[in-house]
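# Structure at a glance
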2 protein chains.
Amino acid sequence: MKKSLAKKIRRVIPYTPGEQPKKDNIIKLNTNENPYPPAPGVVDAIAGLEASPAKLRLYPNPDATPLKSALARHFGMGLVKDNFFTGVGSDDVLAMAFLTFFNSDNPVLFPDITYSFYEVWADLFDIKVKRKPLDENFRIDHKHYLKKKKLGGIVIANPNAPTGLAEPVEFIKEVALAHPECVVIVDEAYVDFGGESCVALVNELPNLLVVQTFSKSRSLAGLRIGYAIGNTELIKAMEDVRYSYNSYTMNLPAQAIGAAVLDDNRYFAETVEKIVETREDAKRRLAELGFTFPDSKTNFIFAKHKSKDAEYIFEELKKKNIYVRHFNGERVRDYLRITIGTPDQMEALYSALGLILR
Amino acid sequence: MKKSLAKKIRRVIPYTPGEQPKKDNIIKLNTNENPYPPAPGVVDAIAGLEASPAKLRLYPNPDATPLKSALARHFGMGLVKDNFFTGVGSDDVLAMAFLTFFNSDNPVLFPDITYSFYEVWADLFDIKVKRKPLDENFRIDHKHYLKKKKLGGIVIANPNAPTGLAEPVEFIKEVALAHPECVVIVDEAYVDFGGESCVALVNELPNLLVVQTFSKSRSLAGLRIGYAIGNTELIKAMEDVRYSYNSYTMNLPAQAIGAAVLDDNRYFAETVEKIVETREDAKRRLAELGFTFPDSKTNFIFAKHKSKDAEYIFEELKKKNIYVRHFNGERVRDYLRITIGTPDQMEALYSALGLILR
């Protein structure tokens, strides 16, 4: 490639997603997917597409109105369609939020250990960042977020990843009140597994944006649906930027299936409850095996073994066709992030760990 | 909203997509959709999803490998999977290409009358632009694109929209050779309806990127699939930027249905042929009604009436539930962009026009 051409190309260090192994018969506990199938309503929605494939010839609703209206009905709380922004997974939503709101020379604040994509988006969009260390127990140190200093923005994953720890709603509220000069994004990807949601605050706090996803608790990672909830002024600003990027982001299957799944609240509650039970059991079992971990409120556990090296365990599990996640950063390289699977999958994990740690 | 917050929000003038009326029983000739349903293979692919909804719980293939491999098989020409980039419609692909390749202080060149999203992306990503006027017949003036002056990039829609006029491959090749210092994007959204494609040149010209879509000739606007074809180095650079934005852009239905539709080449050829025949007939019929137009090689005609105002005709057609597109820019406001529908839809259009123009 010619040098003059090469230097016009944007160079980035991309986010590395968890491995998606192509083999069958593996136990996949590495990307925080839900071990249960999505709600039964999904099948009807797919059958609806099958019955009228000709609909696919038309552009989908550019505003994703059916999906947003279903979300508004689902949440209630006086929220309307225009309190919602939808995107191709919460990654798309968060990227659009960064591009829309973090548009100043002031730095954007987030913890040193958190979802690693925040740094990647900041790099892509030339956003200054300020990362503050989690405390020795992997807790968010509140004082950093309540200082008077002017910021360009704040992002807090709550519960945080990969630690699994949740902060109370009261803290997020204090942060938003302490920083009226910028948007505070709360990334609630895992909130349904035991965290406290800030959704009820979006009309009270003009600078609060809550982001959630269908990929975890709704068991629809394959459909790529994320959404933001905020006051209509914030959402309108995001929609304007989104319309400057792609008018039609949510395809017809995502809109149809996504809306359908929201109606099945009982199935949703039952599967989430099963995962929470399995997680609490996993805490006991992993402790017996010599692991310590922060008290997860998510569908994963971030665990460190008392004597064996995390990377060693990671590789040994892989040999037994069990995939968990290992990150290489400082302070986190001693840990494994283990997604909560079905009870059977977890039993297989404990057996394998028993052999490896023996 | 607080002033200090408001001024951190990115303000843009978004692209305005064509109207998506919610009424039934309209004749929709305003967004260049295909009037025929997608290939029959689509139904089997949807049935496959219905049979295993549990697959939706997993993240889709982040590389869209099944879709890219199907594209490589479809095109042949020695192209491999890694010559392809896929996105959520060609808008997503073009936006990613702008963000990846137009990363310098030199201006990006495109015609003054072309797909209006080019300007919107340039604005969003702070890219300098240089627009050169089409000639008096709406033709691209070749000399502007063959000058020695260093550029930041070039974008040519071929065939161009909304004019419908096609340039020969030889011209694109000359442009790419004249500007080795930048990437030349050829937007071939409409190429299957009669243009000449540059795909065969991508391995010969290191700076050529061809963009195509499933939304027009493949009749899958509702699924949102676009793709770029280029040498593996260009595609790798786009993938790096894409992985910095969203690891999983193509959802499972898009990957599964998109791959299936590529296998049905006979259906594809037949429906494209029908649209081309209807278009050629439309040229005769519209001429009889007093319209003039550039010689379209696309699935639309950009037509001006000898006496009646375009906006008037547009509004009158709408009253009769026939939607065409009208743009407000200089030089184009005298024209209507009419998508080629089925023969029946076109007959209804000619009748309505007969009444309106009487």
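Look above for the structure.
These lines cover the structure that appears in this document, whether it is placed above or below. (Residues numbered from 1 in each chain as written. Chains lettered and ligands numbered in written order. Predicted model: local features only at pLDDT ≥ 70, side-chain atom pairs only at ≥ 80, totals over all residues. Heavy atoms only, no water.)

What follows deals with the relation of the copies chain B and chain A. Rotating chain B by 180° and translating it 0.0 Å along the rotation axis places it on chain A, where the RMSD comes to 0.0 Å. The symmetry that links the two subunits is that of a two-fold axis. Interface overlap between copies: 99% of the residues of chain B at the interface are likewise at the interface in chain A, consistent with a symmetric, same-surface contact. (Least-squares fit on C-alpha atoms with pLDDT ≥ 70 in both. Contact = heavy atoms within 4.5 Å.)

The partner chain A presents 87 residues to the 88 residues of chain B that form the contact. Here chain B packs against chain A, burying approximately 7,300 Å² in sum over the two surfaces, 62% of which is carbon and sulfur. Taken as a group, Lys8(B), Arg57(B) and Tyr245(B) account for 12% of the area that chain B buries against chain A, more than any other trio of residues on that side. Run the count over chain B and chain A and you get zero salt bridges. (Buried area = accessible area lost by both parts, 1.4 Å probe. Salt bridge = Lys/Arg side-chain N within 4 Å of Asp/Glu carboxyl O.)

This next bit is on the pairing of strand S3 (residues 108–111) of chain B. Looking at chain direction, S3(B) and strand S4 (residues 129–132) of chain B are connected through four bridges and run parallel. Residue pairing for S4(B): Leu109(B) is matched across the bridge by Lys130(B). (Pairing = 2+ DSSP bridges. Helix = DSSP H or I, 4+ residues; strand = E, 2+ residues; numbered from the N terminus.)

Attention shifts here to the sheet that holds strand S9 (residues 291–292) of chain A. All names here are of chain A. Reading across the sheet, the three strands line up as S9-S10-S12 and stay open at both edges, with antiparallel pairing between neighbours. Lying at the two open borders of the sheet, with one neighbouring strand each, are S9 and strand S12 (335–339). Looking at chain direction, strand S10 (residues 300–305) and S12 are connected through five bridges and run antiparallel. Each bridged residue has a counterpart across the sheet, and for Ile301 the counterpart in S12 is Ile338.

Here we take up the nonpolar core. Core analysis: the biggest nonpolar cluster contains 147 residues, and Leu208(A) and Leu208(B) have the highest contact counts within it. Apart from residues no more than four positions distant in its own chain, Leu208(A) is found in contact with Ile172(A), Val184(A), Val186(A), Cys198(A), Leu201(A), Val202(A), Ile229(A), Gly230(A) and Leu234(A). Formed by 76 residues, the second largest nonpolar core is a distinct cluster that contains Val108(A), Ile127(A), Phe102(B) and Ile127(B). (Core = buried A, V, L, I, M, F, W, Y, C linked by side-chain atoms within 4.5 Å. Buried < 20%, exposed > 50% of the residue type's maximum accessible area, 1.4 Å probe, protein only.)

Bringing the sheet that holds S4(B) into the picture now. All names here are of chain B. Judged by pairing direction, the sheet is mixed, and its seven strands sit side by side in the order S2-S8-S7-S6-S5-S3-S4 without closing on themselves. Looking at the sheet topology across the chains shown, the edges are occupied by strand S2 (84–87) and S4. Direction aside, neighbouring strands of the sheet carry axes that sit 20° apart on average. This element, helix H3 (residues 65–75), spans S2, strand S7 (208–213) and strand S8 (226–229) of the sheet and lies at about 130° to S2. (Axes fitted to C-alpha atoms, helices over the stretch in contact; angles between N-to-C directions.)

Every buried residue of H3(B) is accounted for by Leu67(B), Lys68(B), Ala70(B), Leu71(B), Ala72(B) and Phe75(B). Gly76(B) sits one or two residues past H3(B) and shows a positive phi near 60°.

As a further point, take the packing of H3(B) against helix H9 (residues 252–261) of chain B. All names here are of chain B. H9 packs onto H3 with a crossing angle of 15° between their chain directions and a minimal axis gap of 8 Å. As the angle between them shows, H3 and H9 are arranged roughly parallel. The interaxial crossing formed by H3 with H9 has left-handed handedness. Residues Thr65, Pro66, Leu67 and Ala70 of H3 form the contact with H9, whose own contacting residues are Ala254, Gln255, Gly258 and Ala259. Its residues placed into classes, the contact of H3 with H9 shows five nonpolar, three polar and no charged. (Parallel < 35°, antiparallel > 145°, perpendicular 65-115°, else oblique. Left-handed = near helix turned anticlockwise from the far one by under 90°. Nonpolar A, V, L, I, M, F, W, Y, C, P; charged D, E, K, R; others polar.)

Right, let's get into the packing of aromatic side chains. Counted according to the given criterion, the structure contains 43 aromatic pairs over all chains. Between Phe98(B) and Phe102(B), the aromatic rings sit 4.9 Å apart at their centres with planes inclined by 65°, giving edge-to-face as the arrangement. Comparing Phe98(B) with Phe102(B) shows no difference in burial state: the two are buried. Aromatic side chains Phe214(B) and Tyr227(B) sit 5.7 Å apart centroid to centroid with 85° between the ring planes, which places their arrangement in the edge-to-face category. One end of the pair, Phe214(B), is in the loop between S7 and S8; the other, Tyr227(B), is in strand S8, and 13 residues separate them in sequence. For the residue pair Phe214(B) and Tyr227(B), the accessibility class agrees, reading buried in each case. Through successive ring pairs, a cluster of aromatic residues spans Tyr15(A), Phe98(A), Phe102(A), Phe110(A), Tyr115(A), Phe117(A), Tyr118(A) and Trp121(A). (Phe/Tyr/Trp six-rings, centres within 6.5 Å; stacked < 30°, edge-to-face > 60°.)

With that out of the way, let us pick up the state of the cysteines. Per the counting criterion, the structure on display carries zero disulfides over all chains. For Cys198(B), which is in no disulfide, the shortest distance to another cysteine sulfur is to Cys182(B) and amounts to 15 Å. (Disulfide = S-S within 2.5 Å.)

Of note, the bond from Ala161(A) into Pro162(A) is cis; its omega dihedral lies within 30 degrees of zero at 5°. Structurally, the position occupied by Pro162(A) is in the loop between strand S5 (153–157) and helix H7 (169–178). Even without being glycine, Asn32(A) reaches a positive phi, approximately 55°. Summarising the element assignment, Asn32(A) is placed in the loop between strand S1 (27–28) and helix H2 (41–51). Residue Asn32(A) is classed as buried on the basis of its relative accessible area, which comes to 0%. In this model, Ala64(B) sits at a positive phi of 50°, which is unusual for a non-glycine residue. Along the chain, the position of Ala64(B) falls in the loop between helix H2 (41–51) and H3. Residue Ala64(B) is classed as buried on the basis of its relative accessible area, which comes to 1%.

Okay, the pairing of S7(B) next. Residue and element names in this part refer to chain B. Where burial is concerned, most of S7 is hidden: six out of the six residues are buried. Pairing of strand S6 (residues 184–187) with S7 involves four bridges; the strand directions are parallel. The residue of S7 that forms the bridge with Val184 is Leu208. Bridge count between S7 and S8: four bridges; the pairing is antiparallel. When the bridges of S8 are listed, Thr213 appears paired with Gly226.

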